[in-house]
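Letter by letter, the chains look like this.
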Amino acid sequence: EGEHKIMDCIREWRASPMWEPTVRHCMYGLDADLIMLGLVTHEPHFTLLRERLRHRGGKRRTPTSGGHVGDAEDFELLEIALLRDMLYVEFKPHSG
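Residues numbered from 1 in each chain as written. Predicted model: local features only at pLDDT ≥ 70, side-chain atom pairs only at ≥ 80, totals over all residues. Heavy atoms only, no water.

Visitor: How would you summarise unusual backbone geometry if you had to cite specific residues and measurements?
Guide: Despite not being glycine, His42 has its phi angle at roughly 60°, a positive value. Within the secondary structure layout, His42 lies in the loop between helix 2 (33-41) and strand 2 (46-51). (Helix = DSSP H or I, 4+ residues; strand = E, 2+ residues; numbered from the N terminus.)

Structure below.
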């Protein structure tokens, strides 16, 4: 899939001498596996741009924009570094 090719490119770039930790990455998509791919890159500045989803009476969720260009309220940003930190706090081993 396309997102796996993009992630491979990011990994190759990270291993190169041209890697800069200040570079920011932003990917667009609704796939939940993008969240997992973002987590495993360990990039410090990785953001996912996703359309808000609307629930329709137990049926499949659909984007709120309905395929039309909407405004910023139709989208969500997910900061992967923040998610990674929150997961660490939630699941860190207890001392003692």
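Visitor: I'd like a description of the sheet that holds strand 5 (residues 75-79), backed by residues and values.
Guide: Taken in spatial order, the 3 strands line up as 1-2-5 in an open sheet, and their pairing is mixed. On the outer flanks of this sheet lie strand 1 (25-28) and strand 5, each paired with one strand and no other. Across the sheet, the mean angle separating the axes of adjacent strands is 25° when strand polarity is ignored. Taken together, the 5 bridges between strand 2 and strand 5 define a ladder with antiparallel strand orientation. By the bridge assignment, Thr47 is partnered in strand 5 with Glu79. Strands strand 1 and strand 2 of the sheet are contacted by helix 1 (residues 2-15), whose axis makes an angle of about 175° with strand 1. Helix 2 rests against strand 1, strand 2 and strand 5 of the sheet, and its axis sits at about 170° to strand 2. (Pairing = 2+ DSSP bridges. Axes fitted to C-alpha atoms, helices over the stretch in contact; angles between N-to-C directions. Contact = heavy atoms within 4.5 Å.)

Visitor: An account of the nonpolar core is requested, with residue identities and associated values reported.
Guide: Core analysis: the biggest nonpolar cluster contains 9 residues, these being Met7, Ile10, Met27, Leu34, Leu37, Leu39, Phe46, Leu48 and Ile80. When contributions to this core are tallied by element, the ones reaching two or more residues are helix 1, helix 2 and strand 2. Here this core gets 3 residues from one element, more than from any other, and that element is helix 2. Apart from residues no more than four positions distant in its own chain, Met7 is found in contact with Met27, Leu37, Gly38, Thr41 and Phe46. (Core = buried A, V, L, I, M, F, W, Y, C linked by side-chain atoms within 4.5 Å. Buried < 20%, exposed > 50% of the residue type's maximum accessible area, 1.4 Å probe, protein only.)

Visitor: Report on the packing of helix 2 against helix 3 (residues 80-91), specifying residues and quantitative values.
Guide: Where helix 2 meets helix 3, the closest approach of the two axes is 10 Å, and the angle between their N-to-C directions is 80°. The orientation of helix 2 with respect to helix 3, classified from their angle, is roughly perpendicular. Two secondary-structure elements touch here, helix 2 through Ile35, Gly38 and Leu39 and helix 3 through Ile80, Leu83, Arg84 and Leu87. A class-by-class count of the residues in the contact of helix 2 with helix 3 yields 5 nonpolar, 1 polar and 1 charged. (Parallel < 35°, antiparallel > 145°, perpendicular 65-115°, else oblique. Nonpolar A, V, L, I, M, F, W, Y, C, P; charged D, E, K, R; others polar.)

Visitor: Could you give an account of helix 1, naming the residues involved and the relevant values?
Guide: Across its 14 residues, helix 1 extends 20 Å between first and last C-alpha, which sits within 8% of the 20 Å expected from 1.5 Å per residue. All of the buried residues in helix 1 are Glu3, Met7 and Ile10. Viewed end-on, helix 1 has its buried residues packed into an arc of 55°, placing them on one side of the element. Exposed residues pointing more than 90 degrees away from the buried face of helix 1 are listed as Lys5, Glu12 and Ala15. Elements in contact with the buried residues of helix 1: strand 1, helix 2 and strand 2. (Expected span 1.5 Å × (residues − 1). Arc of directions from axis to C-beta.)

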